[in-house]
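Below are the chains, spelled out letter by letter.
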Amino acid sequence: MGECIFCSIAARKAPAHIVWEDDVTIAFLDIFPLSRGHVLVVPKHHVDRLTDLPREHYPAMLGAVAEVCRRVERLSMDYNVGVNQGALAGQIVFHLHFHVIPRYPDQPGFPRKRDALDPADAQRLVEVLAHR
Ligand code: AMP
Ligand code: ZN
């Protein structure tokens, strides 16, 4: 899957603002965040769908999602966790990923138009989210 952007990030061949990593999973900031601190949690092994994920990766996958949630709670105790599965559900990157999207009182809905991740703010977010 040489063309898959999330495989390239997992292999450290494409840049990303990484906030968490273990042998099975990697988590990084979304480059078009729905809110400040929007993180994607991704298995390193390429699968399109949750139902294709090898069962032996379930504990690491859920553990990584929970770990990222624990860190996102440094930004907000309110957040959405979700998977878009299939084009009709809004999936545009066909490598499984869990969205963790912090919610803030001054931003009740999701923006229609998303701004690209600001590099300076991304650096600040990595400082907040990447430490244990
Ligand atoms: P989905 O609609 O669930 O497939 O979401 C894919 C997400 O990946 C979108 O929110 C994109 O902004 C995000 N995305 C695409 N390419 C990258 C990338 N290179 N680094 C970080 N996030 C990305
Ligand atoms: Zn992939």
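Worth saying up front: this structure is predicted, and the values here are computed from it rather than measured.

Trainee: Looking at this model, I keep getting lost on the site of ligand 1. Mind explaining?
Mentor: Near ligand 1 there are 17 residues, and of these Asp-30, Gly-90, Ile-92, His-97 and His-99 occur at the shortest range. Within the backbone of Val-93, one N or O atom sits 2.9 Å away from an oxygen atom of ligand 1. Here an oxygen atom of ligand 1 and a side-chain polar atom of His-97 are 2.7 Å apart. Contact with the protein chains covers 90% of the free accessible surface of ligand 1, which is 510 Å². Elements with a contribution of two residues or more to the shell around ligand 1: helix H1 (5-10) and strand E2 (25-29). Tallied by class, the residues present in the shell around ligand 1 amount to 10 nonpolar, 5 polar and 2 charged.

Trainee: Would you explain the pairing of E2 in this entry?
Mentor: A regular strand places its side chains so that they alternate between the two faces of the sheet. The buried count for E2 comes to 5 of 5 residues, which makes it a mostly enclosed element. Burial along E2 is two-sided: Thr-25, Ala-27 and Leu-29 and Ile-26 and Phe-28, pointing in opposite directions, are all buried. Counting the residues in the hairpin turn of strand E1 (residues 18-21) and E2 gives 3 residues. As defined by bridge partners, E2 adjoins strand E3 (residues 39-43) across 5 bridges and the pair is classed as antiparallel. Opposite Thr-25, over in E3, you have Pro-43 as the bridge partner.

Trainee: I tried to follow the sheet that holds strand E5 (residues 98-102) on my own but got confused; where do I start?
Mentor: The strands making up a sheet associate through backbone hydrogen bonding, with each pair oriented either parallel or antiparallel. One open sheet accounts for 5 strands, arranged E1-E2-E3-E5-E4; its pairing is antiparallel. The sheet is open, and its two edges are formed by E1 and strand E4 (79-82), each paired on a single side. In this sheet, neighbouring strand axes are inclined to one another by 15 degrees on average, regardless of whether the strands run parallel or antiparallel. As paired elements, E1 and E2 share 3 bridges and run antiparallel to each other. Note that in E2 the partner of Ile-18 across the bridge is Phe-28. Running over the sheet, helix H2 (residues 58-72) touches E1, E2, E3, E4 and E5 and is turned about 165 degrees from E3. Against the sheet, helix H3 (residues 119-130) touches E1, E2 and E3, its axis set at about 30 degrees to E1.

Trainee: Would you explain the side chain of His-38 in this entry?
Mentor: By the secondary structure assignment, His-38 is in the loop between E2 and E3. One polar contact links the side chain of His-38 to the main-chain amide nitrogen of Leu-34, over a distance of 2.9 Å. Residue contacts for His-38: discarding those within four places in its chain leaves Phe-28, Leu-29, Asp-30, Phe-32, Pro-33, His-99, Val-100, Ile-101, Pro-102 and Arg-114.

Trainee: In this structure, what is going on with the pattern of salt bridges? I would like to understand it.
Mentor: Opposite charge on two side chains allows them to pair when their charged atoms are near. This model, assessed by the stated rule, comprises 8 salt bridges. Between Lys-44 and Glu-21 there is a salt bridge; the shortest N-O distance is 2.8 Å. Here Lys-44 is found in the loop between E3 and H2, whereas its partner Glu-21 is found in strand E1, with 23 residues between them in sequence. For Lys-44, a relative accessible area of 22% corresponds to the partly exposed category. Of the charged contacts, one joins Lys-113 and Asp-115 as a salt bridge, the two residues approaching to 3.1 Å between their closest N and O atoms. Pair check on accessibility: Lys-113 and Asp-115 agree, each one exposed. One salt-bridge network, in which partners are shared between bridges, spans Arg-12, Glu-21 and Lys-44.

Analysis parameters
Counting starts from 1 at the beginning of each chain's written sequence and moves along it residue by residue. Written order decides the labels, with chains lettered from A and ligands numbered from 1. Residue-level local features of this predicted model are given only where pLDDT is at least 70; pairs of side-chain atoms are given and counted only at 80 or more, and the full residue set underlies all totals for whole chains, interfaces and linings. Side-chain figures throughout are based on the complete set of non-hydrogen atoms in the structure, without hydrogens or water. By convention in this text, a residue qualifies as near a molecule or strand provided that one of its non-hydrogen atoms is within 4 Å of it. Under the rule applied, a polar contact is a pair of N or O atoms within 3.5 Å (in protein, one hydrogen donor and one hydrogen acceptor; residues adjacent in sequence only if both atoms are side-chain atoms). Here the accessible surface of atoms and residues is derived via Shrake-Rupley with a 1.4 Å probe, and residues count as covered only by protein chains that are part of the display. Secondary structure elements follow DSSP: runs of H or I no shorter than four residues count as helices, runs of E no shorter than two count as strands, and numbering proceeds from the N terminus. Note that Gly is not counted as nonpolar here; it falls among the polar residues with everything else outside the nonpolar set of Ala, Val, Leu, Ile, Met, Phe, Trp, Tyr, Cys and Pro and the charged set of Asp, Glu, Lys and Arg. Relative accessible area decides the class of each residue, using a 1.4 Å probe on protein chains only: under 20% of the type maximum gives buried, over 50% gives exposed, and in between gives partly exposed. Whether two strands pair depends on DSSP finding at least two bridges between them. Simply put, an axis is a line fit to the C-alpha atoms, just over the touching stretch for a helix, and the angle between two N-to-C directions goes from 0 to 180 degrees. Between two residues, a contact is recorded if the distance between any of their heavy atoms is within 4.5 Å. Whenever Lys or Arg places a side-chain nitrogen within 4 Å of a carboxyl oxygen from Asp or Glu, that contact is recorded as a salt bridge.

Honestly, it's all geometry; don't read function into it.
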